[in-house]
Amino acid sequence: MGLLSDPNRRRALTNLLTRLNAPICVMCYLAGVAWFMGLAFEPFTLRTYMSENAMGSTMVEERFPAGERALATGREFAAHKKKVGGMPVDWLVKTMQSRGLEVFTQSFTRKLPFPDENKERYMVRGTNVYGILRAPRAPRTEALVLSAPCSEGNNNNQAVGLLLGLAQYFRSQIHWAKDIIFLVNEHDLIGMQAWLEGYHHTNTTGGDWSPLQGRGGSIQAALSLELSSDVITSLDLVLEGLNGQLPNLDLANLFYAFCQKIGVLCTIQGKLQRNDWDTTSGYSHAAQTMMLMVLKQASGRPWGDHGLFLRYHIEAATIRGINSFRQYKTDTTTIGRLLEGMYRKLNNLLERLHQSYFFYLMPSLSRFVSIGYYMPAFGLLAVILLLRALDLWVQLGASPPGTEEGLAGGEQPSSPGVLSILTPVVISHMTGVALYTLPILSQEMAVQHFPVSETEAVVLTAIAIYTAGLALPHNTHRLLQGEGTEQGWRVLKLVALLYLAVLLGCTALINFSLGFILALSLVPIAAFITPHTPKALSAAIMVLLSPGCTLLYCVFLFQELQETPVSLQDGWMLFLSVISQGILDHALYGSLVYPLLALLIYPCWLLLWNILFWK
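Residues numbered from 1 in each chain as written. Predicted model: local features only at pLDDT ≥ 70, side-chain atom pairs only at ≥ 80, totals over all residues. Heavy atoms only, no water.

Going by what an unreviewed UniProt entry lists, the protein chain is known as GPI-anchor transamidase component GPAA1 and is assigned to Coregonus suidteri. Reading the Subcellular location (unreviewed entry) entry of the UniProt record for the protein chain gives the comment "Endoplasmic reticulum membrane". On record in UniProt, under Pathway (unreviewed entry), the comment for the protein chain is "Glycolipid biosynthesis; glycosylphosphatidylinositol-anchor biosynthesis." (UniProt positions renumbered as here; feature names shortened; annotations may be inferred.)

Below, the structure written as structure tokens:
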């Protein structure tokens, strides 16, 4: 405290921070990137462990015997699905009833804001079928969910067959203390969203669905099953949910523990765990796995049906069967025993999963990085904004009136007018509002005047508005009418720096991956952009580090990490598809990434663009 209260010492500290501001900022940026990349190094990570005492041991005897019968049921389901051209509702109802379940259906309808060309749908109508196995030894106040989506074609038929086989087997057991809900949902996430909203009596996305006639207890945990082959080589665990939410780490630990016990090959992000962490290839493998999780989490979209459960504080994950070139094979009976063991353990829960981590990254299924380890990487980037803001504050306080370069004879005031600061802020955010609202509202007009589809109209309108923001400085200065001063851009940059620091900080607390990726691209230009830098070079750098280009880089990086590289043309088409899916995810499920980028991040970038062309 004496350092800050003594005027001489405070002045010396301020001079030191001002004089070494640029070198300190560069060192913080490099240290932040190095810290993040070091998180994948095994000695810097923690070994996973079970925190919930009720699930601390895997001493459960799994006896599920009906793998072949489940596959036969799956083939029967596929035949009926092909016969009716969709979900065989009547067959599912009869089959679940024959297994002793209380069976109910839910119909739903959803009109998309524009056609989803990836799945070729616009007006979606479907039916969810679910059966409830009532708990014989409890007051039925809690429930578990096992779901399997009814996918198009021959996909996921085996998962539905295994779900029905487990329902029949669980019906013969007497130790269940929770209701178990077996759900077959149509139209993947749209059907799951309708069922969850009906179950919890909410309607946050504007869907039209019939109320549920049957309910179980409060849902404690859920698993979504995806199997599309009679024999698989590995089980992949999918954790990323809506808006980057993750389930409690104990759910992943439970899956990994039973895979180790039963001898099932398990992966995360489709990658096996390696033991040669002390080699370059071993570290590279762990870094790729962790970066894949970061990119998926930053997208904000649910990567499986489980992703929508997390909104209701229900711990959920998707287990996806992979049939690859590996020689190791696992049959359906083994998968059934794994699920039986997991549900036996979840049945023992006395309260919701809460003792382990909710914020983490996983370089492998046996190692994790907690929030206390990865947040310093973001903090080192965010402190750059505060250091530059402090430098500007000192400059503004030290500048005597009328001495700014370019002022004529001290006639103009030393402090900038409110209009010169308020105008670019207002116009930037109005452009963001246009980017958020106009693509969907103007699609009909665009289709009438241009030879494009509705989806192409939405995406191209968004790109056009985004690009039109580059003309913002000219419009701003036309409104300013010559009021720009040397102090004016400094005040505007001080506002932009503090605004961006708060914005990125709040984003990182909710979705670290998204906040970190945005900080990597926005912090350098926010820290060093001024009206006195070379215009052409600085403008090119700003465009290359803009939010849109950052999204494009992430698309190519994601394909490289998945070992499916694409050409420039294919990458551009994927980029356009990601934009349309981002808008759809916001409209259908409430994803916050698109409104965050359009209403907050993009206007903040436009403020920095305005500073570059300040006159």
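Here we look at the overall build of the protein chain
Assigned secondary structure in the protein chain consists of 21 helices and twelve strands. Here the C-alpha radius of gyration of the protein chain, 28 Å, is about what a compact globule of 615 residues would show, namely 25 Å. Its C-alpha atoms put the protein chain at 95 × 60 × 45 Å along the principal axes. Sorting the 615 residues of the protein chain into buried and exposed places 55% on the buried side. Long-range pairs, those at least 24 residues apart, make up 81% of the contacts in the protein chain with a sequence separation of at least 6. A total accessible area of about 26500 Å² is found for the protein chain, and carbon and sulfur atoms account for 61% of it. Distance from the positive charge centre (44 side chains) to the negative charge centre (44 side chains) of the protein chain: 4 Å. (Helix = DSSP H or I, 4+ residues; strand = E, 2+ residues; numbered from the N terminus. Rg over C-alpha atoms; globule rule 2.2 N^0.38 Å. Buried < 20%, exposed > 50% of the residue type's maximum accessible area, 1.4 Å probe, protein only. Contact = heavy atoms within 4.5 Å. Areas by Shrake-Rupley, 256 points an atom, 1.4 Å probe, with all protein chains shown as cover. Lys, Arg positive; Asp, Glu negative; His and termini not counted. Charge placed at Lys NZ, Arg CZ, Asp CG, Glu CD.)

Structural notes on the sheet that holds strand 4 (residues 142-150)
The strands that make up a sheet pair up through hydrogen bonds in the backbone, lying either parallel or antiparallel. An order of 6-2-3-5-4-7-10-8-9 is seen for the nine strands of this open sheet, with the pairing classed as mixed. A strand with exactly one partner marks an edge of an open sheet, and here the two such strands are strand 6 (208-209) and strand 9 (266-268). In this structure, strand 8 (residues 234-238) lies alongside strand 9, joined through three bridges in parallel fashion. When the sheet's bridge partners are listed, Leu 235 is paired in strand 9 with Cys 266. (Pairing = 2+ DSSP bridges.)

Here we look at the sheet that holds strand 1 (residues 46-47)
What the three strands build is an open sheet, ordered 1-12-11; its pairing is antiparallel. In this open sheet, the two strands that pair with only one neighbour each are strand 1 and strand 11 (360-364). Inspection of the sheet shows strand 11 paired to strand 12 (residues 367-370) by three bridges, in the antiparallel sense. The residue bridging Leu 361 from the neighbouring strand is Val 369, located in strand 12.

Looking at the packing of aromatic side chains
Enumeration over the complete set of coordinates arrives at 24 aromatic pairs. Note on Tyr 357 and Phe 368: the rings are 5.1 Å apart at their centroids and 50 degrees apart in plane angle, and the pair reads as tilted. Linking Tyr 357 in the loop between helix 10 (332-347) and strand 11 with Phe 368 in strand 12, this pair joins segments that are eleven residues apart in sequence. On the numbers, 6.5 Å between centres and 15 degrees between planes, the contact of Tyr 466 with Trp 605 is stacked. Of this pair, Tyr 466 sits in helix 14 (residues 454-468) while Trp 605 sits in helix 21 (residues 593-612), placing them 139 residues apart in sequence. The residue whose ring lies beneath Lys 296 is Trp 303, and the NZ or CZ to ring-centre distance is 5.1 Å. Positioned over the ring face of Trp 303 is Arg 301, at 5.2 Å from the centre of the ring. (Phe/Tyr/Trp six-rings, centres within 6.5 Å; stacked < 30°, edge-to-face > 60°. Lys NZ or Arg CZ within 6 Å of the ring centre and 35° of its normal.)

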